[in-house]
Amino acid sequence: MEIQNKNRQGAENAPDPSVPPKKKRRRRKQGRQLLLAYAIRGLMVLAAVLCVVLAVQGVRFLISLSSPTEAQVDTGENTGGQDIQTGGEPEPVEYTIQPRGLTVVLDPGHGGAQPGCVIGDLEEKDIAMSITQQLKGELELLGFDVVLTRSTDADVDLSERARIANEAEGDCFVSIHCNSYEDDSVSGLECYYFRSEAGEQLAELISKATDESNIDTREVKEGNFQVLRETVMPSVLIEVGYMTNPEELASLASQSYQQTLAQAIAEGIVEMMEGQPA
Ligand SMILES: [Zn+2]
């Protein structure tokens, strides 16, 4: 066999130094095939990655179509809380913060046997709780953790409210009340802080937001309230309006006005928390 092969080789192909030996040629050929295989494998991997990326983007797109919450979160320019457009272009979310890990403590004033101001069958403790619950919803939509000093119609002591806020290590504290005065023409929201630059800043931001939402808003004031005195985080007390003013009382009792208030207060809180470490 060997001899026959040698003879055949010798007869058909005289050894030529310019032609590489068969072995080498085979190796080159194998090399090329290997390269081709690698290239095909690379392309297949690339195609697979592309498919995964496209699938993820597709699912994201479908999710964005089915959940309008992001568009509704925009509390900035929509002063008439009820008139948020649900069709057409979704409103971009203005806020740049990632509030996860930030805690807002909300304090609905009065409760239980302490109704606060009472006009007819309207009690301050109920209006404060209703606004607080809506504010809680707004803040949770934005990703904040929310702690309430009372979630039921309970009479919670003022120092207990401050203790709850301090123990929760809240990043800010907002107490909700309604005002009253002998002169029933007096109206407007008032935001109080006490001996704190950060508290004053929070009060200013909330007042700016309510003013821009067409809510009758008075100047920010300093007030020596126990819950402001005893809380250690930036704290404000908001008198959302005068129950003794019949027009303002009608607004305060309405769901849509409460929603506008909640959205504006949330906006002020968000602006305060912007840039805060979580
Ligand atoms: Zn009160």
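This text goes with the structure placed above it.
Thoughts on the nonpolar core
Next, step 1: Counting 51 residues, the largest nonpolar core has Val174, Ile206, Val236, Ile238, Ile265 and Ile269 as the members making the most contacts within it.
Next, step 2: In this view, Val236 contacts Val174, Cys191, Tyr192, Tyr193, Gly199, Leu202, Ala203 and Ile206; residues no more than four positions away in its chain are not counted.

Observations concerning the sheet that holds strand β1 (residues 103–108)
Next, step 1: Ordered in space as β4-β1-β5-β8-β6-β7, the 6 strands form an open sheet in which the pairing is mixed. Because the sheet does not close on itself, it has two edges, and the strands there are β4 (145–148) and β7 (221–222).
Next, step 2: Where helix α4 (residues 124–141) meets the sheet, its contacts fall on β1, β4, β5 (172–179) and β8 (235–242), and the angle it forms with β5 comes to roughly 145°.
Next, step 3: Taken strand by strand, helix α8 (residues 246–253) contacts β5 and β8, and its axis lies near 115° from that of β8.

Observations regarding unusual backbone geometry
Negative phi values dominate among residues other than glycine, just as trans dominates among peptide bonds.
Next, step 1: Located in the positive-phi region is Glu169, a residue other than glycine, with phi close to 50°.
Next, step 2: Looking at where Glu169 falls in the secondary structure, it is placed in the loop between α5 (158–167) and β5.
Next, step 3: A positive phi angle, near 45°, is found at Arg195, a position not held by glycine.
Next, step 4: By the secondary structure assignment, Arg195 is in the loop between β6 (190–193) and α6 (197–212).

Section: α8
Since the α-helix packs 3.6 residues into each turn, any two residues three or four apart lie on the same face.
Next, step 1: Looking at α8, one finds that the buried residues are Glu248, Leu249 and Leu252. For α8, the angular spread of the buried residues around the axis is 105°, confining them to a single face.
Next, step 2: Buried residues along α8 sit against β2 (118–119), β3 (122–123), α4, β5, β8 and α9 (255–273).

Examining α4
Next, step 1: Taking 1.5 Å of rise per residue, 18 residues should cover 26 Å, and α4 covers 26 Å from first to last C-alpha, within 8% of that figure.
Next, step 2: Buried within α4 are the following residues: Glu124, Lys125, Ile127, Ala128, Met129, Ile131, Thr132, Gln134, Leu135, Lys136, Glu138 and Leu139.
Next, step 3: One or two positions beyond α4, positive phi appears at Gly143, with a value near 105°.

A short note on the pairing of β6
Next, step 1: Of the two faces of β6, both are covered, the one formed by Glu190 and Tyr192 as well as the one formed by Cys191 and Tyr193.
Next, step 2: Sheet topology places β6 next to β8; 3 bridges connect them, and they run antiparallel. Across the sheet, residue Glu190 finds its bridge partner in β8, namely Glu239.
Next, step 3: Inspection of the sheet shows β6 paired to β7 by 2 bridges, in the parallel sense. Bridge pairing in β7 places Tyr192 opposite Lys221.

What counts, and at which threshold
- Residues numbered from 1 in each chain as written.
- Predicted model: local features only at pLDDT ≥ 70, side-chain atom pairs only at ≥ 80, totals over all residues.
- Core = buried A, V, L, I, M, F, W, Y, C linked by C-beta atoms within 7 Å.
- Buried ≥ 20, exposed ≤ 12 C-beta atoms within 10 Å, placed from the backbone.
- Contact = placed C-beta atoms within 7 Å.
- Pairing = 2+ DSSP bridges.
- Helix = DSSP H or I, 4+ residues; strand = E, 2+ residues; numbered from the N terminus.
- Axes fitted to C-alpha atoms, helices over the stretch in contact; angles between N-to-C directions.
- Arc of directions from axis to C-beta.
- Expected span 1.5 Å × (residues − 1).

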